[in-house]
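Below, each chain spelled out in residue letters.
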Amino acid sequence: RFLQYVHPEGLPLGEDFEHLAAALESARVLGRRLVLPDTMNCKNCPAYEAYGLNDTLLELRGCTIDYFAYMFRFFHVYAGDVVEAGVARDELFEASWGPEVALPHDP
C-alpha cells in the first residue's frame, strides 16, 4: 500500500520540506509507504547554479528529494516508509491502483 500526494510546485525550501514531512507522517499514520515527490523546487538546491542545474533542469517541473538531501542517511532512516518518485511512473505501479478516490477538502 502506498500514499501518493500532490506536492505543490515552486515552494521555498522550508515549505518544500514541511509538505514532505507532513506527507511522510500521514503515510506512517496510515500504515502506507510514501511515494516521494518529483516536484520539489529545484532552485532551492544549493548546487542549482554552481553545477549549472539552472541550465540543465529548465524542462523539469521540479526535482526529487535527492537534489537536497544526503540520500544514504535519508533511506537509512526512512527506507521502510518511502519509495522513490520514479516508481510512480512504472506501468505496473500505475496498473496496481484501483479507481481514484477523492478525499474531502478542508473548508
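Here the structure is a predicted model, which means the values were calculated and not measured.

Visitor: Before we move on, could you go through the side chain of Asp 81 and cite the residues and values that matter?
Guide: Assignment of secondary structure puts Asp 81 in the loop between helix H3 (71-78) and strand S3 (82-83). Judged by its relative accessible area of 16%, Asp 81 is buried. For Asp 81, the residues in contact, after removing those within four places along its chain, are Leu 24, Arg 28, Arg 32, Arg 33 and Leu 34.

Visitor: Describe the sheet that holds strand S1 (residues 2-3), listing the residues and the values that go with them.
Guide: Within a sheet, each strand pairs with its neighbour through backbone hydrogen bonds, oriented either parallel or antiparallel. Taking strand neighbours across the sheet as the criterion, the three strands line up as S1-S2-S3 in an open arrangement whose pairing is parallel. At either margin of the open sheet sits one strand with a lone partner, and together these are S1 and S3. Sheet topology note: the strand S2 (residues 33-35)/S3 ladder contains two bridges and is parallel. Following the sheet pairing, Val 35 is matched in S3 by Val 83. Set on the sheet, helix H1 (residues 13-30) makes contact with S1, S2 and S3; between it and S2 the angle comes to about 145°.

Visitor: Before we move on, can you summarise the environment of Arg 32 with the specific residues and values?
Guide: Mapped onto the secondary structure, Arg 32 falls in the loop between H1 and S2. Between the C-alpha atom of Arg 32 and that of Phe 2, which follows or precedes it by 30 residues, the distance is 4.9 Å. Residues in contact with Arg 32, not counting those within four places in the same chain, are Arg 1, Phe 2, Leu 3, Ala 27 and Asp 81.

Visitor: Tell me about the layout of surface pockets, and name the residues and values.
Guide: Estimated volume of the second largest pocket: approximately 240 Å³. Every residue lining the second largest pocket is counted, 14 residues in all, and those nearest its centre are Gln 4, Tyr 5, Asp 38, Arg 61 and Ala 88. For the lining of the second largest pocket, the residue count by class is seven nonpolar, three polar and four charged.

Visitor: Explain H1 to me, using residue names and the numbers behind them.
Guide: Compared with an ideal rise of 1.5 Å per residue, which puts 18 residues at 26 Å, H1 spans 26 Å between its outermost C-alpha atoms and is within 8% of the ideal. Buried residues along H1 sit against S1, S2, H3 and S3. Positive phi shows up at Gly 31, right after H1, with a value of about 70°.

Cut-offs and rules
Residues numbered from 1 in each chain as written. Predicted model: local features only at pLDDT ≥ 70, side-chain atom pairs only at ≥ 80, totals over all residues. Heavy atoms only, no water. Helix = DSSP H or I, 4+ residues; strand = E, 2+ residues; numbered from the N terminus. Buried < 20%, exposed > 50% of the residue type's maximum accessible area, 1.4 Å probe, protein only. Contact = heavy atoms within 4.5 Å. Pairing = 2+ DSSP bridges. Axes fitted to C-alpha atoms, helices over the stretch in contact; angles between N-to-C directions. 1 Å grid on protein atoms, 1.4 Å probe; cavity = no way out; pocket = protein on both sides within 12 Å on 5 of 7 lines; lining within 4 Å. Points joined across faces, edges and corners; volume = space filled by probe spheres on them. Nonpolar A, V, L, I, M, F, W, Y, C, P; charged D, E, K, R; others polar. Expected span 1.5 Å × (residues − 1).

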